[in-house]
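Residues per chain, in single letters:
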Amino acid sequence: MAVRINENYLKLRGSYLFAEIGRRVAAFKQRNPHARVISLGIGDVTRPLPRAVIESLHQAVDEMGRVETFKGYGPEQGYDFLIKRIIEYDYRSRGIELEEDEVFISDGSKCDTGNIQEIFGADNIVAVTDPVYPVYVDTNVMAGRAGNLDESGKYDRIVYLPCNAENNFIPELPKQRVDMIYLCYPNNPTGMTLPKSELKKWVDYARENKSIILYDAAYEAYIREEDVPHSIYEIEGAKEVAIEFRSFSKTAGFTGTRCAYTVVPKKVMGYTQRGEAVPLNRLWNRRQTTKFNGVSYIVQRGAAAIYTEEGQKQVRELIDYYMANAAIIRQGLLEMGFQVFGGINAPYIWLKIPEGMDSWTFFDKLLNEAHVVGTPGVGFGPSGEGYFRLTAFGSREDTREAIERLKAMKNFC
Ligand code: PLP
């Protein structure tokens, strides 16, 4: 006998995408040591934290240094000073009421969107939009819910909902019944959104089928247009069927500082094999209190500062900066004749690659001829083939220069 492993891990696709990008960029740099490579491939922010956040962090550090204000373990679910502000600024302001014990502070939406599947049955059928943020799929592979990988790059127990130019990136309701539906809007990688009327279809579907929607709104702060829902709870009935994830990462530059939250309304139910309804709030609370010891007091104080007048203004400036980059990229690509998606309510621009070229060939062409790095669409799922992602998270100078370099390229098609 020998110790056994969780063999589901062997079913994962290698962390192929970013490793392969890194490998190709490194090889290029070795061949061209003097070339200045600009990356518009990263999904990470580059601007510093807002001033209000920095000041609040400093204050909290000082509190930790005095015996009267020192803090040890905090509540696993987060401090109420932060939860109260989230409810007031992010929800009540949009007519949504939440109770304090429906909001769980965490150290990131990656962990939350990855961990949430633990509270669901192993036999549930999972649906994801395709292309997709890989965490949803991979964590279900690890849990044994995904089945086996086939030649087309799909797991045979996962239901893929293609999103492409043909359907204007609006996923169709699945033909078969599904249990757990991952939706991400504004979307990574496509940068597209779902109008309220479309989101309502999903909420209605979930209510009829006793399914659950796992709604990732990590890019909510980038929404600019009117009819785009900021929260799934703007849709009637969503509080019975949806869990929502939000993050301070892209909202306030917290990718390295780490703070996020998950909303689990008490009315959202899952079911036992015998058909008894169980509030998912209870299960998530139990999961978090058992496996998580809370986000540091200092970081939660930093996050709370974005809900001050100054903080709100600074966060808006931060997002305006990235969205001006997005507009430069969009406009430049349109002038070059590309079909372009996203970049209006999201920091991601998703472009259609000229016919006859696949997304890795396009990647190589941009790298070799313009020294610009993006992300091949196929890395986000089979329906991403034929597309390419650029991000607005670079500096203004690099963004402008990258677009100028692309414009100077010949023979795009
Ligand atoms: N959800 C989506 C769709 C993302 O693109 C990302 C980060 O790129 C995350 C979640 C992770 O966010 P966090 O930094 O809060 O873990």
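What comes next concerns the included structure. Fair warning: this is a prediction, and the values are worked out from it, not measured in the lab.

Below, the discussion takes up the sheet that holds strand 12 (residues 348–352). Pairing within the open sheet is antiparallel, and its four strands lie in the order 11-12-15-14. The open sheet is flanked by strand 11 (340–342) and strand 14 (375–376), the only strands paired with a single partner. As judged from the five bridges shared by strand 12 and strand 15 (residues 387–391), these two strands associate in the antiparallel manner. For Ile 349, the partnering residue across the bridge sits in strand 15 and is Leu 390. Relative to strand 15, helix 11 (residues 359–370) is tilted by about 45°, and along the sheet it contacts strand 12, strand 14 and strand 15.

To continue, consider the pattern of salt bridges. The tally for this structure, following the rule as stated, stands at 28 salt bridges. Across the salt bridge formed by Asp 364 and Arg 24, the nearest N and O atoms sit 2.8 Å from each other. With Asp 364 in helix 11 and Arg 24 in helix 1 (residues 16–31), this pair connects stretches of sequence that are 340 residues apart. Between Arg 287 and Glu 118 there is a salt bridge whose closest N-O contact spans 3.2 Å. Of the two residues, Arg 287 is situated in helix 8 (residues 280–291) and Glu 118 in the loop between helix 4 (109–115) and strand 3 (126–130); the sequence distance between them amounts to 169 residues. Take Arg 287: its relative accessible area is 13%, and that puts it in the buried class.

Next up on the list: helix 5 (residues 134–142). All buried positions along helix 5 are accounted for by Val 135, Tyr 136, Val 137, Thr 139, Asn 140 and Val 141. Residues of helix 5 that are buried in the fold lie against helix 4, strand 3, strand 4 (158–162), strand 5 (180–184) and strand 6 (212–216). At the C-terminal side of helix 5, Gly 144 shows a positive phi close to 85°.

Here Pro 48 lies in the loop between strand 1 (38–39) and helix 2 (51–64). Along the sequence, Pro 48 and Gly 253 sit 205 residues apart, while their C-alpha atoms lie 6.7 Å from each other.

For the rest of this paragraph, the subject is the site of the ligand. Not every one of the 14 residues close to the ligand is listed here, only the nearest: Ser 109, Asp 216, Tyr 219, Ser 247 and Ser 249. The side chain of Ser 249 places a nitrogen or oxygen atom 2.6 Å from an oxygen atom of the ligand. Arg 258 places a polar side-chain atom, nitrogen or oxygen, 2.8 Å from an oxygen atom of the ligand. Every element with two or more residues in the shell around the ligand is listed here: helix 4 and helix 7 (249–252). Residue composition of the shell around the ligand, by class: five nonpolar, five polar and four charged.

Conventions and cut-offs
Residues numbered from 1 in each chain as written. Predicted model: local features only at pLDDT ≥ 70, side-chain atom pairs only at ≥ 80, totals over all residues. Heavy atoms only, no water. Pairing = 2+ DSSP bridges. Helix = DSSP H or I, 4+ residues; strand = E, 2+ residues; numbered from the N terminus. Contact = heavy atoms within 4.5 Å. Axes fitted to C-alpha atoms, helices over the stretch in contact; angles between N-to-C directions. Salt bridge = Lys/Arg side-chain N within 4 Å of Asp/Glu carboxyl O. Buried < 20%, exposed > 50% of the residue type's maximum accessible area, 1.4 Å probe, protein only. Near = heavy atom within 4 Å. Polar contact = N/O pair within 3.5 Å; in protein donor to acceptor, adjacent residues only side chain to side chain. Nonpolar A, V, L, I, M, F, W, Y, C, P; charged D, E, K, R; others polar.

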